[in-house]
Amino acid sequence: MTTILVTGAAGFIGANFVYYLLKNRPNLRVVGFDALTYAGNLETLADAMQSPNFRFVRGDITDAAAVAQVFSEEAIDAVVNFAAESHVDRSIEDPQIFLKTNILGVQVLLDACRANGNVRYHQVSTDEVYGDLPLDRPDLFFTEETPIHTSSPYSASKAAADLLVLAYFRTFGVPVTISRCSNNYGPYHFPEKLIPLMIANALEDKPLPVYGDGLNVRDWLYVEDHCKAILAILEKGRLGEVYNVGGHNERTNLEVVKTVLRLLGKGEESITYVRDRPGHDRRYAIDPTKIRSELGWFPETTFEAGMEKTVQWYLANRPWWEHIRSGEYQAYYEKMYGNR
Ligand code: NAD
Ligand code: TYD
């Protein structure tokens, strides 16, 4: 492989993956492609822009002409697709854009792969396609065989995309893989998601809004571990296969919020219980046996070490999240939390 197209490169995980590639595969050319929606941020890619191995193209994955253009300009060997609408709460407010970007966008990318001689394609998916697990059955985990059983418009759109990706493998022979990852955290995480929102609110001495009883469980993965897993799948994964990525870092939301407060040296009086999310998934938990046994991947960063690094990053990069929170995001925050 010499050139990789990273779609959604200006978002949280896409940007981390760009940096991971530039550092660990210095001979690769990396083309970042992103529509720069509210979640895309070119400031995040400022350092990558300095690298001769990186090029940024602004474009929408649902725009077949824009996608064809980048394929005609670059000799693309593989596509790694991070581009998506990614926030569950937004999908409950307005599902349509989720169907457009997350499903039709994937169809456009897959068609471009076909049209260019069956280019290698990796779809970055989510454990949310499996629905949720009950809190009183800690013995249960998602495997790749767990039936698809989605809860939100977001997870339904990601599941539809996964099925489409596998259909293009079976019907057209496009060389695909899919990773289904648990909740990520780390640098450049958009501050509408739990961990960065809590860090930013705590630093600004604002209330920390915990949905429902705060006992929902997520399986947290440090973003760099996710990037490492995707590269392993891209380079060594079996075509047509799904790999679950995550593993045994389960925490309740309350535990996560209290960890943030402890690391910032703040008291817990700012925790505020707010109305629950409709259809709120109770527990996600990944069984990573397949990726560990086939590809030798395992999460290297413990939750404690990853949270320490993450909090330090948000302390050291205040302008990055302050710019985001001072703009359009303010109207979003008022809409979502104004009278919750
Ligand atoms: P994000 O919202 O931070 O970034 C998404 C990026 O996609 C943004 O830069 C945005 O501008 C871009 N984008 C949106 N619509 C686009 C379009 N039509 N054309 C081109 N670019 C577009 O999301 P993230 O957290 O980095 O997630 C990346 C991928 O990983 C998503 O597919 C998501 O479903 C998946 N995922 C995320 C997590 C997580 O915890 N964040 C966990 C598992 C899977
Ligand atoms: P989120 O970061 O939106 O990820 P996902 O819904 O994809 O897992 O939320 C993580 C958990 O945190 C989820 O159970 C919802 C909860 N949550 C809150 O309690 N308060 C908040 O303000 C947010 C954004 C999330």
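Residues numbered from 1 in each chain as written. Chains lettered and ligands numbered in written order. Predicted model: local features only at pLDDT ≥ 70, side-chain atom pairs only at ≥ 80, totals over all residues. Heavy atoms only, no water.

For the rest of this paragraph, the subject is the site of ligand 1. Surrounding ligand 1, one finds 28 residues, the nearest of these being Ile 13, Asp 34, Ser 86, Tyr 154 and Lys 158. Residue Phe 12 places a main-chain N or O atom 3.1 Å away from an oxygen atom belonging to ligand 1. Contacts to ligand 1 include Ile 61, whose backbone N or O atom sits 2.9 Å from a nitrogen atom. Coverage of ligand 1 by the protein chains reaches 96% of its 830 Å² of free accessible surface. Of all the elements in the fold, those that place two or more residues in the shell around ligand 1 are helix H1 (12–24), strand S5 (120–126) and helix H6 (153–172). If you tally residues by element for the shell around ligand 1, the top one is S5, at three residues. Here the shell around ligand 1 is composed, by residue class, of 13 nonpolar, 12 polar and three charged. (Near = heavy atom within 4 Å. Polar contact = N/O pair within 3.5 Å; in protein donor to acceptor, adjacent residues only side chain to side chain. Areas by Shrake-Rupley, 256 points an atom, 1.4 Å probe, with all protein chains shown as cover. Helix = DSSP H or I, 4+ residues; strand = E, 2+ residues; numbered from the N terminus. Nonpolar A, V, L, I, M, F, W, Y, C, P; charged D, E, K, R; others polar.)

One can describe the packing of helix H3 (residues 64–73) onto helix H5 (residues 96–115) by two numbers: an axis separation of 10 Å at closest approach and a directional angle of 35°. Like other packed secondary-structure pairs, H3 and H5 cross with a definite hand, here right-handed. The segment H3 lies against H5, with Ala 64, Val 67 and Phe 71 engaging Val 108, Leu 109, Ala 112 and Cys 113. Tallied by class, the residues present in the contact of H3 with H5 amount to seven nonpolar, no polar and no charged. (Axes fitted to C-alpha atoms, helices over the stretch in contact; angles between N-to-C directions. Left-handed = near helix turned anticlockwise from the far one by under 90°. Contact = heavy atoms within 4.5 Å.)

Turning to the site of ligand 2, a few remarks are in order. Surrounding ligand 2, one finds 19 residues, the nearest of these being Glu 128, Arg 218, Arg 277, His 280 and Tyr 337. Within the backbone of Pro 209, one N or O atom sits 2.8 Å away from a nitrogen atom of ligand 2. Between ligand 2 and the protein, one listed contact pairs an oxygen atom with a side-chain N or O atom of Tyr 337 at 2.7 Å. In isolation ligand 2 exposes 510 Å². Once the protein is present, 97% of that is buried. Listing elements by their share of the shell around ligand 2, those giving two or more residues are helix H7 (194–203) and strand S8 (208–211). Looking at the shell around ligand 2 residue by residue, the classes come out as nine nonpolar, five polar and five charged.

Now for the pairing of strand S4 (residues 78–81). Covered by surrounding structure in S4 are Ala 78 and Val 80 together with Val 79 and Asn 81, the residues of both alternating faces. In terms of strand pairing, strand S1 (residues 3–7) meets S4 through four bridges, oriented parallel. When the sheet's bridge partners are listed, Ile 4 is paired in S4 with Ala 78. With four bridges connecting them, S4 and S5 associate as parallel partners. In the sheet register, Ala 78 faces S5, and the bridge partner there is Arg 120. (Buried < 20%, exposed > 50% of the residue type's maximum accessible area, 1.4 Å probe, protein only. Pairing = 2+ DSSP bridges.)

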